[in-house]
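Examination of the molecular architecture
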Amino acid sequence: MAKHDESFKLEVVRRYLSETSGAQAIALRYGLDHSTVRRWVKGYQQHGVQGLRKKYGHYDAQFKLGVLRQMWAEELSCRQASTLFDVRGGHNVVSTWERQYHEGGVDALIPKPRGRPKKMTAPKPPEPTPAHADDARTLQALRKENEYLRAEVAYLKKLDALVRANRQAAQKKRKP
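Reference entry: report on the structure contained in this document. (Residues numbered from 1 in each chain as written. Predicted model: local features only at pLDDT ≥ 70, side-chain atom pairs only at ≥ 80, totals over all residues. Heavy atoms only, no water.)

**Describing the overall build of the protein**
Along the protein, the regular secondary structure elements total seven helices and zero strands. Taken from the N to the C terminus, the helices and strands of the protein come in the order α-α-α-α-α-α-α. For the protein, whose C-alpha radius of gyration is 41 Å, the value lies well above the compact-globule estimate of 16 Å for 176 residues. Seen along its three principal axes, the alpha-carbon backbone of the protein occupies a region of about 125 × 55 × 30 Å. Scored against the burial criterion, the 176 residues of the protein give a buried share of 20%. Partitioning the contacts of the protein with sequence separation of at least 6, the portion at a separation of at least 24 is 57%. Charge separation in the protein, taken as the distance between the mean sites of 34 positive and 19 negative side-chain charges, equals 12 Å. (Helix = DSSP H or I, 4+ residues; strand = E, 2+ residues; numbered from the N terminus. Rg over C-alpha atoms; globule rule 2.2 N^0.38 Å. Buried < 20%, exposed > 50% of the residue type's maximum accessible area, 1.4 Å probe, protein only. Contact = heavy atoms within 4.5 Å. Lys, Arg positive; Asp, Glu negative; His and termini not counted. Charge placed at Lys NZ, Arg CZ, Asp CG, Glu CD.)

**Topic: a nonpolar patch on the surface**
Where nonpolar side chains cluster on the molecular surface, the patch consists of Tyr155, Leu156, Leu159 and Val163 and spans about 380 Å² of accessible area. Mapping Leu159 onto the fold places it in helix H7 (residues 132-174). (Patch = residues over 30% accessible without salt bridge, like charges linked within 9 Å, V, L, I, M, F, W, Y side chains within 5 Å. Areas by Shrake-Rupley, 256 points an atom, 1.4 Å probe, with all protein chains shown as cover. Salt bridge = Lys/Arg side-chain N within 4 Å of Asp/Glu carboxyl O.)

**Thoughts on helix H4 (residues 61-73)**
For H4, spanning 13 residues, the distance from its first C-alpha to its last is 18 Å, which sits close to the expected 18 Å at 1.5 Å a residue. Among the residues of H4, those classed as buried are Ala61, Lys64, Leu65, Val67, Leu68 and Met71. End-on view of H4: buried residues confined to an arc of 160 degrees, all on one side of the axis. Away from the buried face of H4 by more than 90 degrees, exposed residues Gln62, Arg69 and Ala73 are located. Looking at the packing, one finds that the buried side of H4 touches helix H5 (78-84) and helix H6 (91-104). In the segment just after H4, Glu75 is the residue with positive phi, at about 55 degrees. (Expected span 1.5 Å × (residues − 1). Arc of directions from axis to C-beta.)

**Looking at the packing of helix H1 (residues 6-18) against helix H2 (residues 23-30)**
The contact between H1 and H2 brings their axes to 10 Å, and the two run at 140 degrees. In terms of axis orientation, H1 runs oblique to H2. Here H1 runs over H2; the crossing is right-handed. Residues Phe8, Glu11, Val12, Arg15 and Tyr16 of H1 form the contact with H2, whose participating residues are Ala23, Ile26, Arg29 and Tyr30. Taken together, the residues of the contact of H1 with H2 sort by class into six nonpolar, no polar and three charged. (Axes fitted to C-alpha atoms, helices over the stretch in contact; angles between N-to-C directions. Parallel < 35°, antiparallel > 145°, perpendicular 65-115°, else oblique. Left-handed = near helix turned anticlockwise from the far one by under 90°. Nonpolar A, V, L, I, M, F, W, Y, C, P; charged D, E, K, R; others polar.)

**Examining H6**
Across its 14 residues, H6 extends 20 Å between first and last C-alpha, which sits within 8% of the 20 Å expected from 1.5 Å per residue. Directly after H6, the chain includes Gly105, whose backbone phi takes a positive value near 75 degrees.

Written out as structure tokens, the structure reads:
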């Protein structure tokens, strides 16, 4: 939500236009900055009530370049250009466009996508499954491994049995 609604801005502008006191006195009365009062008054004088409304502006490169060229041709300040073209964000936006243009040309004025880039990529299709011949070979390998493991387990059981038998024989010899 905007910090100040349209009716409040209109009240401040009408008070400024009806009184002889300056922007600083009006700003002090309403607890605002004097440059804010001046910006609202200029926007109202240039565009009427529309100049006071909240506007979400997304400007393309051609519009930005047009604003800059007219600003340079008529020798306007950034503040005057932003008021003339009803650019929201104030003169800072126009001065940023000017700096970007001087640093990178027209390409620098092209709007950049906002937000974080997507991290997920498209899922890769699964690898093709091996042919049935590979399945048969794999089955044979698994059978061999299973046979080997059974032999190993049987060997370890036999070894364990022999060790136990030796221990029992040693214990019987000790008990005279």
